[in-house]
Amino acid sequence: MADKKIILTGDRPTGRLHLGHYVGSLKRRVELQNSGKFDEIYILIADDQALTDNADNPGKIRDNIINVVLDYLSVGLDPAKTTICVQSALPALHALTFYYMNLVTTARLSRNPTVKSEMQMRGFADEGLPAGFFAYPVSQAADITAFDATVVPVGEDQLPMIEQTREIVEKFNRTYGETLILPSAMIPENIMQRRLPGVDGKAKMSKSLGNCIYLSDDSKTVKKQINGKMFTDPTHLRIEDPGHTEGNVVFTYLDAFCTDEHFSRYLPEYANLDEMKDHYRRGGLGDGTCKKFLFNVLEEELNPIREQRAKWASDIDTVYDIIKDGTAKAVEKTNATLNRVRKAMRIDYFDDRSIIGDWKALLG
Ligand code: TRP
């Protein structure tokens, strides 16, 4: 067990996945899956976590499970290599969460910067904070440890969750003996990929801001988002004017997505992005050309994804069986961890009758 390489990661099924998810995490998962370097790979559709801030709308979560699975399958996650499973159907995760809650202080939970900013966004500061939402990092620690994950590929905003998980693992192992595996986060190397801004340049893609490009968007929608919402450089008024590439969202996206090969295919007057940026800064390169190039780069990435999505979407029965089978496998895996945990805590009363002897001795 200890030296297996195991990946666990997941997403909340609250909507379709977008380019931020793609460069921040999905693309990497597919590479890791195909690297052949991992013994087991699990992807968790975190519907319970999604309920922590959508308790009044379970229908939204139910509907989006299929969107997220289709996004997974269409980017190339392969159910033969990667087990896709649904969190709410894994009772071991609930039990582990309950035990781990005792190993974390509320003061520690209050310091989680990702939870803090999500609280702000959801107005929980005024309306009252659901205890389940406040504690979701503990449930995420249960997700990660239940699968014995060694590596957790995630976006940068998830680092506080992995840190919290590591603390719980260390505390658990110190308290009850060496039982849980200490996981590591893996975040994208490319800085622009860690936190892709929305098309409007705002910090993050978010459905409510309307600044996303979804993996399932058609070409027309992608073009509309690029041409209509991407503001370039306000000082670059005429083509001849010198321009700025930093803070220019078109270049931020090119930083995240384009390769030298894209230039030979769509913009052969430059060998690479540095040459293109130099020209933009000198003046003489128009925003229209830059946006057209970006559109071509994104289309090249999105076209095969759209094709696969259409294929899977026409066979929903098979998709259902994929997550049903994946979840059954995950039940086994996570139950095994829960058994180990119960043994370590010595609360495995009914696994055998050995406690009878202990009780008898106690009573003299
Ligand atoms: N918190 C993650 C997100 O919002 C989703 C998630 C749930 C997750 N459980 C996980 C990610 C376990 C990695 C590992 O995207």
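Further up the page is the structure itself.
First, a word on what this report is: a plain description of the structure on this page. (Residues numbered from 1 in each chain as written. Predicted model: local features only at pLDDT ≥ 70, side-chain atom pairs only at ≥ 80, totals over all residues. Heavy atoms only, no water.)

To continue, consider the packing of helix 12 (residues 219-229) against helix 16 (residues 287-313). Orientation of helix 12 relative to helix 16, taken along the N-to-C sense of each, is 150 degrees, at an axis distance of 10 Å. Judged on the interaxial angle alone, helix 16 and helix 12 are roughly antiparallel. Seen along the crossing, helix 12 lies across helix 16 with a hand that is right-handed. Contacts from Ser-219, Val-222, Lys-223, Ile-226 and Asn-227 of helix 12 reach helix 16 at Lys-291, Leu-294, Phe-295, Leu-298, Glu-299, Leu-302 and Arg-306. Of the residues belonging to the contact of helix 12 with helix 16, the class tally is six nonpolar, two polar and four charged. (Axes fitted to C-alpha atoms, helices over the stretch in contact; angles between N-to-C directions. Helix = DSSP H or I, 4+ residues; strand = E, 2+ residues; numbered from the N terminus. Parallel < 35°, antiparallel > 145°, perpendicular 65-115°, else oblique. Left-handed = near helix turned anticlockwise from the far one by under 90°. Contact = heavy atoms within 4.5 Å. Nonpolar A, V, L, I, M, F, W, Y, C, P; charged D, E, K, R; others polar.)

With that settled, the discussion passes to the packing of aromatic side chains. Summed over all chains, the structure comprises nine aromatic pairs. The interplanar angle of 45 degrees and the centroid separation of 4.7 Å between the aromatic rings of Tyr-42 and Phe-147 together place this pair among those described as tilted. Of this pair, Tyr-42 sits in strand 2 (residues 40-45) while Phe-147 sits in the loop between helix 9 (136-146) and strand 4 (151-153); the two residues are 105 residues apart in sequence, bridging distant segments of the chain. Take Tyr-42: its relative accessible area is 5%, and that puts it in the buried class. Classification of Phe-147 as buried rests on a relative accessible area of 0%. (Phe/Tyr/Trp six-rings, centres within 6.5 Å; stacked < 30°, edge-to-face > 60°. Buried < 20%, exposed > 50% of the residue type's maximum accessible area, 1.4 Å probe, protein only.)

What follows covers a negative patch on the surface. On the surface, Asp-260, Glu-261, Asp-274 and Glu-275 cluster together to form a negatively charged patch. Listed by contribution, the elements that provide at least two residues to the negative patch are helix 14 (260-266) and helix 15 (273-282). Positionally, Asp-274 belongs in helix 15. For Asp-274, a relative accessible area of 53% corresponds to the exposed category. (Patch = residues over 30% accessible without salt bridge, like charges linked within 9 Å, V, L, I, M, F, W, Y side chains within 5 Å. Areas by Shrake-Rupley, 256 points an atom, 1.4 Å probe, with all protein chains shown as cover. Salt bridge = Lys/Arg side-chain N within 4 Å of Asp/Glu carboxyl O. Lys, Arg positive; Asp, Glu negative; His and termini not counted. Charge placed at Lys NZ, Arg CZ, Asp CG, Glu CD.)

Around the ligand, the structure places 13 residues, and the nearest of them are Arg-12, Gln-49, Gln-140, Asp-143 and Gln-158. A distance of 2.9 Å separates a nitrogen atom of the ligand from a polar atom in the side chain of Gln-140. Here a nitrogen atom of the ligand and a side-chain polar atom of Gln-158 are 2.9 Å apart. Put simply, the parts of the chain that give the shell around the ligand at least two residues each are strand 1 (6-11) and helix 9. When residues in the shell around the ligand are grouped by element, the largest group, four residues, is from strand 1. (Near = heavy atom within 4 Å. Polar contact = N/O pair within 3.5 Å; in protein donor to acceptor, adjacent residues only side chain to side chain.)

Once that is clear, we can look at a nonpolar patch on the surface. Among the surface-exposed residues, Trp-359, Leu-362 and Leu-363 lie close enough to one another that they form a single nonpolar patch of about 420 Å² accessible area. Assignment of secondary structure puts Trp-359 in helix 18 (residues 354-363).

Applying the stated criterion across every chain, the model contains zero disulfides. The thiol of Cys-290 is unpaired, and the distance to the nearest cysteine sulfur, on Cys-258, comes to 11 Å. Accessibility expressed as a relative area gives 1% for Cys-290, which makes it buried. (Disulfide = S-S within 2.5 Å.)

This part covers the pattern of salt bridges. A full pass over the atoms with the stated rule returns 24 salt bridges. Residues Glu-40 and Lys-333 are paired through a salt bridge, measuring 3.0 Å at the closest nitrogen-oxygen approach. Of this pair, Glu-40 sits in strand 2 while Lys-333 sits in helix 17 (residues 316-345), and the two are 293 residues apart along the sequence. With respect to burial, Glu-40 and Lys-333 carry one shared label: buried.

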